[in-house]
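Listed below are the residues making up each chain.
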Amino acid sequence: MKEIVEKISTIVTDEDRSLGTVAAQAVQTERINSYIGGADHKSSDSGDSPELDNEIWFNRGVELATLNRYQEAMDCFDYSLAIESRNYKTWIWRGGMLTHLDRYKEASASFEQAVKLEPNAKDAWLFLGVAFHHIGKYKQAYSCYDKALGRKPDPMREALMRFESLIKRVIAGIFKIKVYS
């Protein structure tokens with residue numbers, strides 16, 4: 001536990017120092033430290049122990065994400081999920097951090113977990129579509145986008161996508177090139 005707190009509680013580095021951001025980061029760091037210290041926050045479901053309160057870790061992760069400290073934020077979300085794994089919003093935020101870290105396959109797994117827990121979460125479907133798009137799973141991406149928009153699958157569009165895929169394979173066969181679909 002102490003290792004996680006020490007890892008996350010880093011001081012503003014020289015590369016982060018620029019006019020205007022140091023003050024904002026100091027305020028954010030103070031908020032983050034207050035979550036862990038429990039001074040302004042009573043643990044909602046675990047007595048007085050902030051280490052066991054997933055809400056504290058979730059909020060701390062959000063604060064770190066706003067500072068673009070994505071790996072540290074993801075560590076907080078992981079800790080929150082270790083305490084309470086059925087919070088779909090935490091899975092969405094975790095996937096978002098993985099997306100920022102260009103780890104799209106892992107991000108898609110987090111978003112898939114979120115939609116398992118809450119099938120009506122439109123933001124989870126949208127972000128899952130984005131992750132699928134980045135890893136080249138375009139058909140799945142468009143299906144996710146449809147679900148995010150609340151649309152039913154369009155048979156005409158699916159037929160056109162199959163036709164386009166067929167044309168790409170034929171052209172690839174003629175010119176002996178590799179096709180990504």
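To keep things clear, this report deals only with the structure shown in the data block. Positions within a chain are numbered from 1, following the residues in the order the chain's sequence is written. Only residues with pLDDT of 70 or above have their local features reported here, since the model is predicted, and side-chain atom pairs are shown and tallied only from 80 upward, although totals for entire chains, interfaces and linings are computed over all residues. Derived side-chain values reflect all non-hydrogen atoms in the structure, with water molecules and hydrogen atoms excluded from consideration.

**Some words on the overall build of the protein chain**
Operational definition: Strands are runs of DSSP state E lasting at least two residues, helices are runs of H or I lasting at least four, and both sets are numbered from the N terminus onward. Under the scheme applied here, a residue whose accessible area is under 20% of the maximum for its type counts as buried, over 50% as exposed, and between as partly exposed, the area being computed with a 1.4 Å probe on protein chains only. Should any heavy atoms of two residues lie within 4.5 Å, those residues are considered in contact. With residues, only the protein chains shown are counted as cover, and all accessible areas are computed by Shrake-Rupley using a 1.4 Å probe.
Helices and strands together make up the secondary structure of the protein chain, namely nine helices and zero strands. The secondary structure elements of the protein chain, listed N-terminal to C-terminal, are α-α-α-α-α-α-α-α-α. Going through the 181 residues of the protein chain one by one, you find that 35% of them count as buried. Across the protein chain, every contact between residues at least 6 apart in sequence was considered, and the portion connecting residues at least 24 apart equals 43%. When the accessible area of the protein chain is evaluated, it comes to approximately 11,400 Å², of which 56% is carbon and sulfur surface.

**Regarding the packing of aromatic side chains**
For clarity, the threshold we go by: Any two rings among Phe, Tyr and Trp, with Trp reduced to its six-membered ring, count as a pair given centres within 6.5 Å; such a pair is stacked if its planes are under 30 degrees apart, edge-to-face if over 60, and tilted if neither.
Scanning the entire structure with this criterion turns up six aromatic pairs. Measuring from centroid to centroid gives 6.3 Å for Phe58 and Trp93, while their planes differ by 85°, and the two rings are edge-to-face. With Phe58 in helix α3 (residues 54–66) and Trp93 in helix α5 (residues 88–100), this pair connects stretches of sequence that are 35 residues apart. You can call Phe58 buried: its relative accessible area is 16%. Among the residues examined, Trp93 registers a relative accessible area of 31% and is labelled partly exposed. Ring centres 5.8 Å apart and planes at 35° place the aromatic pair Phe111 and Phe127 in the tilted group. Highlighted residues: Phe111 in helix α6 (residues 104–117) and Phe127 in helix α7 (residues 122–134), separated in sequence by 16 residues.

**Remarks on unusual backbone geometry**
A positive phi angle, close to 65°, is found at Asn68, a residue other than glycine. Along the chain, Asn68 falls in the loop between α3 and α4 (70–83). Among the residues examined, Asn68 registers a relative accessible area of 52% and is labelled exposed.

**Some details on the environment of Trp125**
Its location among the elements puts Trp125 in helix α7. Sequence separation of Trp125 and Ala148 is 23 residues, and the distance between their C-alpha atoms is 5.1 Å. Sequence-distant contacts of Trp125, that is, excluding residues within four places in its chain, are made with Val115, Pro119, Cys144, Lys147 and Ala148.

**Regarding the nonpolar core**
Rules: For this analysis, a nonpolar core means a set of buried residues of the types Ala, Val, Leu, Ile, Met, Phe, Trp, Tyr and Cys, connected via side-chain atoms within 4.5 Å.
Counting 29 residues, the largest nonpolar core has Ala73, Met97, Phe111, Ala124, Trp125 and Leu128 as its most contacted members. A total of seven residues in this core trace back to one element, the largest contributor, which is α4.

**Side note on the pattern of salt bridges**
Note the cut-off: Here, a salt bridge means any Lys or Arg side-chain nitrogen found within 4 Å of an Asp or Glu carboxyl oxygen.
For the coordinates displayed, the defined rule picks out five salt bridges. For Asp78, the salt bridge identified is with Arg94, shortest N-O distance 2.4 Å. Here Asp78, found in helix α4, pairs with Arg94, found in helix α5; they are 16 residues apart in sequence, far enough to count as distant. Its relative accessible area of 16% is what places Arg94 among the buried residues.

**Let's talk about the environment of Leu149**
Here Leu149 shows up in helix α8 (residues 138–149). For Leu149, a relative accessible area of 57% puts it in the exposed group. Measuring from C-alpha to C-alpha, the distance between Leu149 and Lys122 comes to 7.2 Å, with 27 residues separating the pair along the chain.

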